[in-house]
Amino acid sequence: MSDAPRSSSEAAVSELLSIMARLRDPDGGCPWDLKQDFDSIVPYTVEEAFEVAEAVARRDYPELKEELGDLLLQVVFHSQMAREQGLFDFSEVVAVLNDKMVRRHPHVFGDRTAEDEQAVKVNWEAIKAEERARKGREYDSALDGVPEGLPALQRAHKLQKKASKVGFDWRATAPVRAHVDSELEELDQAMASGDRDAIEDEFGDVLFTLVNLARHLKLDPDLALRRASNKFEGRFRQVEQLAGAPLSDFDDDHLDALWRQAKRQSD
């Protein structure tokens, strides 16, 4: 990398840090920014991460550039608040990250070897276990490290991946697909009983199993659902245009016909 691009990047980051500090300055800063704390900013941090994912799903790279900037702002915002409290600053966040990336890639920066992606994953997990031990964290379960605050689909996916790493998994896709049918049958039974708790429980099992199927199919369930939602939104808007009147004015048969027409036009 040449000196010029590196200098330009450093200047841009320095300017961003200065802007954030100015926004948080009690003397003339932004009232909204000054009012925020770690807890109030977290929802925005999560939202920006999802907007990055959406830009990737749509392959909208100009939008991705902007959303990555918004996500970086969240890191800078948290770091500024931490600096104000004497906890840490942005440079320390980057330093910890740099150390971690070098430490977790000894096959690149050290003397370990990794012949393929699986070997890299094995090394990664071993190094993370060493880090937990150094920090005095007891190993309770192979599922440690999956935050409860993750969106439900992502948490299910991560839990399943961690269980798979210790051999707790189906070895093929076919039995997972069969298990989807089994869980649907149990949902049907719960629905027939009218027991709301049982229905919710079985419905959750169906979703959890579908996430497992997505994992075996090498799909990201969250991105797949986003794609389906975007498809539905596009077709629904087309139905509204075709109808030319409030959809509540039409009966089910007419709405179904409009939906089929919108589907044909979008396929």
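Going along each chain's sequence as written, the residues are numbered from 1 onward. In view of the model being predicted, local features appear only for residues whose pLDDT reaches at least 70, and side-chain atom pairs are presented and counted only at 80 or more, with totals across whole chains, interfaces and linings using the full set of residues. Remark: hydrogens and water are excluded; side-chain values derive from all non-hydrogen atoms of the structure.

## Some details on the environment of E233
Part 1 of the reasoning: Labels follow the DSSP assignment, with helices taken as runs of H or I lasting at least four residues and strands as runs of E lasting at least two, numbered in each case from the N terminus. Looking at the secondary structure, you find E233 in helix α11 (residues 221-243).
Part 2 of the reasoning: A C-alpha to C-alpha distance of 15 Å links E233 and L247, two positions 14 residues apart in sequence.

## Thoughts on the packing of α11 against helix α12 (residues 252-266)
Part 1 of the reasoning: To get an axis, a line is fitted to the C-alpha atoms, and for a helix only the part in contact is used. The angle between two axes follows their N-to-C directions and goes from 0 to 180 degrees. Where α11 meets α12, the closest approach of the two axes is 9 Å, and the angle between their N-to-C directions is 120°. What the angle tells us is that α11 and α12 run oblique. Judged by the sense of rotation from one axis to the other, the crossing of α11 with α12 is right-handed. Residue-level contacts link F232, R235, F236, Q238, V239, L242 and A243 of α11 to L258, W259, Q261, A262, K263, Q265 and S266 of α12. When describing relative orientation, an angle under 35 degrees is termed roughly parallel and one over 145 degrees roughly antiparallel, while 65 to 115 degrees is termed roughly perpendicular and anything else oblique. Handedness of a crossing is defined here by the sense of rotation of the near helix relative to the far one, left-handed for an anticlockwise turn of less than a right angle and right-handed for a clockwise turn. Here a residue-residue contact requires only that any non-hydrogen atoms of the pair lie within 4.5 Å.

## Structural notes on the side chain of R24
Part 1 of the reasoning: Mapping R24 onto the fold places it in the loop between α1 (3-23) and α2 (31-35).
Part 2 of the reasoning: On the basis of relative accessible area, R24 is assigned to the buried category, the value being 10%.
Part 3 of the reasoning: For this analysis, a polar contact is any N or O atom pair within 3.5 Å, provided that within protein one partner can donate a hydrogen and the other can accept it, and provided that sequence-adjacent residues contribute only side-chain to side-chain pairs. Looking at R24, its side chain comes within polar contact range of the side chain of E84, at 2.6 Å.
Part 4 of the reasoning: With residues up to four places along the chain from it excluded, the contact list for R24 reads D33, L34, Q36, F77, Q80, M81 and E84. The rule is simple: take the accessible area with a 1.4 Å probe, protein chains only, and divide by the maximum for that residue type; under 20% is buried, over 50% is exposed, in between is partly exposed.

## Some words on the environment of P151
Part 1 of the reasoning: Note on placement: P151 falls in the loop between α7 (117-134) and α8 (152-165).
Part 2 of the reasoning: Taking the C-alpha atoms as reference points, P151 and D222, 71 residues apart in sequence, are found 9.2 Å from one another.

Function-wise, these values are silent; they only describe arrangement.
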